[in-house]
Amino acid sequence: MKFKSIVSTGASVAAFAAMGAFAHAQEEGERDTAVSRVLQKVTISATKKADVEDVQDVPLAVTAFNADSLDALNVNDLQSLSFTTPNVSLDQIGTVKGAANFAIRGLGVNSSIVSIDPAVGTIIDGVYIGSGTGVVLDLLDLESIELVRGPQGVLFGRNTTGGAVLINTGNPTDEFSYSLRTSIEGPWLDDERGGNLTKLQGVVSGPLIEDTLNGKIAVLTTNDDGYFVNQFTGDDHGAFESTLVRGALEYTPNSDLTVLAKVEKYDTDGDGASATNRGFSPRDSFEVNIDEEGMEENDIFFASLRTDYDIDFGNGTITNIFGYRDVETESISDIDATPAFGFHSAAALELEQISNEIRYAGTFGKADVTTGFFYFNQQYANDERRLIAGGALDLSGGGDMDHTVYGLFGQVDYDITDKLVGTAGLRYSQEEKDVDVAYIIGRGAPCSVIDGTCPTSGADGFSDSDDWSNWAPKVGLQYFYDETTQVYGSYTKGFRSGGYNFRITDVAIFEGFVAQTGSLSFDEEELDSFEIGFKKDTADGRGQLNAALFHTEIENMQRETNTPGAAGVVQNILNTADATLQGFELEGRYALTDSLLITANYGYIDASYDEVFFDISGFDGVVDGEDLALAIPRVPENTWGVGVLYDLDLGNLGSLVSRVNFQHRDEVAYTDNNFGWIQEADMIDANFTWNTPVDGLDVSLFGRNLGDEVQVGGDTQLPAALGVGPFANGVNETFGESPAAGTFSPLSKGRVVGLELTLSR
């Protein structure tokens, strides 16, 4: 039976390790229910061991989604998982489609500046992705997604202070299989919204040479007519077309060697950002009212080559993963988000990345050893042009960078006793950044960094280089009380790369920071993280409870500060403060019957500044208690959710699998001065899948954000002249009325209802 939506648990879809009574039911030949499919072993690759490990056996706070789980949750992109897991936010910036602003446990970024490194690492088929650009786009033919919470500096290195998102695409199969799927979704029964989104995808896999060479090809086309209506033109806005093609070959000449190659081409074309300005539109509406509809184009090529070779030494495996990524993007956006020509922006990016990791994983008696070497090089150039006041002010500039990283790492897990395991790991990283930065200022004629026409010296910009090195240790203990219960504790050090700001629009302010810090670059961000965790499976295999407590101390926190200015908005990147974040997470689920499963999760974060180095409030020019009292951006205090999964046997008519999930997230500050806030959200999603009597044919009716919650993205603070209107409030949570009443606020879709047909074999 092809239960494509069968393993959804709603709140999160980490599977149980034990089958218990459900395994017995299968032995007796009873019907394979959705719940029994949920209660199965799920393995993860996040530990980089020679063999994948059971998610319940690893001393990590991790939520894993397998292919069926992702289907059941109707996951279209990584942002779809933002309301599934405690203390995890996988949002995009909104200014540029697909640019990731991920945050886990309060550690993340809120910026569209391409030179800012992420705080949450994204790894696709074992390849680290160095830039967030083009990450939150269509997903196709996934094997699994693993959300690992907490710093992962030893095994994954730099820029994983918040955690890591591991995306594993589907491998070729040794038996012929195919899947065809089509779907349509949109704001049905709502005349004030725009058009629908349609998708068509197909996957074919199987042997090309029996027992030696397997192949797979997958294709996805997406056509979004535009969910929003632009009040200025009367046309639908947010239109988006894309084509994703992925091919894979797996070569196994013998039992010891496997070579896996994957190639992916992704092209998109669509409107610019769908945004609102709360000086002109109500905060709780989906109103878009812009004179520049903009555009967005992405051309992304990605390839990986993985080689696994089993050797007798330590009964281990040598793994080499080579990755290549090429990205070209162009965009135009109405940043003032009003029907007047106040602030329009155009940007372009060309990026090329090459990486290679070679590692060994094996066992020597009581010790599991993982060690390796990592190389990464990224070169990119970024153009930005700003037109202010109808084009009266024409600013241009940007930057280019050559970025190289070397890493050497090792970790040992040692069985101290048959129940107690000790862990010790260490990673050394060395990186260098060479840059040419052109200030975004008025010039005789617009210039382009990409084309080499922007001067980068004197009053026009600068050229510079800097390097950083870092040791990231980890120590931990894991104790198995019995076969169903474990506790663990660990200490980890992590860091996020230092770097340069490509978006310098106020040279005087920037030069003031340079005089104060003595450097053209901002420094790396370091943290010390302590975690205690607990994982428990019930003896009957029906339930599971996982919990984790964490305490994180951050030094030299990297932030992008936003203040209004003559260039529209002034964005500076600084090491602003030291801070402490601490909290806990709970995830649980229990099968009340063989057909009814309930799930729940809760996350809590307490975040506060310990010391502030700059006037992040931006109001009074001094650093004092008012700055310390500000909320740290991207940190929701509470996230929680509940879900229900029910599998109804329809006899000769098949079965109906129903899932309903509710997830809450508290409001979060978006800017350091707390002018911009992302409001709290109560998300309701549902999915009803009929597994028809026709073998392999499923029909699904699904809905997302059924409560029609307005999710206005990050508020970029603009001058008052760009935000004066009937709804202007410009309220800062700490300081009250602000002189800057305008905001650029990207919108997320409201209520969406869809229908999907799947035929697979």
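Scroll up for the structure.
Rules behind the numbers
Residues numbered from 1 in each chain as written. Predicted model: local features only at pLDDT ≥ 70, side-chain atom pairs only at ≥ 80, totals over all residues. Heavy atoms only, no water. Disulfide = S-S within 2.5 Å. Buried < 20%, exposed > 50% of the residue type's maximum accessible area, 1.4 Å probe, protein only. Salt bridge = Lys/Arg side-chain N within 4 Å of Asp/Glu carboxyl O. Helix = DSSP H or I, 4+ residues; strand = E, 2+ residues; numbered from the N terminus. Core = buried A, V, L, I, M, F, W, Y, C linked by side-chain atoms within 4.5 Å. Contact = heavy atoms within 4.5 Å. 1 Å grid on protein atoms, 1.4 Å probe; cavity = no way out; pocket = protein on both sides within 12 Å on 5 of 7 lines; lining within 4 Å. Points joined across faces, edges and corners; volume = space filled by probe spheres on them. Polar contact = N/O pair within 3.5 Å; in protein donor to acceptor, adjacent residues only side chain to side chain.

Draft legend 1. Representation of the state of the cysteines in the model. Summed over all chains, the structure comprises one disulfide. In this model, Cys447 is linked to Cys454 through a disulfide, with the two sulfur atoms separated by 1.9 Å. The sign of the 85° torsion about the S-S bond sets the Cys447-Cys454 disulfide as right-handed. Taken as a pair, Cys447 and Cys454 share a single burial class, namely buried.

Draft legend 2. Geometry of the pattern of salt bridges. Tallied over the entire structure, the rule returns 31 salt bridges. Of the charged contacts in the structure, one is a salt bridge between Arg181 and Glu756, with a shortest N-O distance of 3.9 Å. Placement of the pair is Arg181 in strand 11 (residues 177–186) and Glu756 in strand 41 (residues 752–760), with a sequence separation of 575 residues. Glu756 shares its class with Arg181; the two are buried. Linked by salt bridges that have partners in common, Arg105, Arg149, Glu531, Glu585 and Glu587 make up one network.

Draft legend 3. Here's a closer look at the nonpolar core. With 30 residues, the main nonpolar core has Tyr380, Val435, Tyr439, Phe462 and Phe502 as its most contacted residues. Every element with two or more residues in this core is listed here: strand 13 (213–224), strand 16 (240–254), strand 21 (343–364), strand 24 (420–442) and helix 5 (507–517). With four residues, the top contributor of residues to this core is strand 24. Leave out the neighbours within four places in its chain, and Tyr380 touches Val114, Ser115, Leu349, Glu350, Leu351, Gly399, Asp400, Met401 and Phe502.

Draft legend 4. Highlighting empty space enclosed by the protein. Counting across every chain of the model gives 13 cavities of 30 Å³ or more. Roughly 600 Å³ of internal volume is contained in the second largest cavity. Breaking the lining of the second largest cavity down by element, the ones donating at least two residues are strand 5 (100–104), strand 7 (120–124), strand 20 (316–334), strand 21, strand 22 (367–388), strand 28 (543–565) and strand 29 (568–591). Looking at the lining of the second largest cavity element by element, the count peaks at six residues for strand 21.

Draft legend 5. Focus on the side chain of Arg105. Inspection of the secondary structure assignment puts Arg105 in the loop between strand 5 and strand 6 (107–108). At 2.9 Å, the side chain of Arg105 and the side chain of Glu531 are in polar contact. Within the structure, the side chain of Arg105 is placed 2.8 Å from the side chain of Glu585, a separation counted as a polar contact. With residues near it in sequence (within four places) discarded, Arg105 still touches Ala61, Asn87, Arg149, Gly150, Glu531, Ala548, Phe550, Leu581, Glu585 and Ile605.

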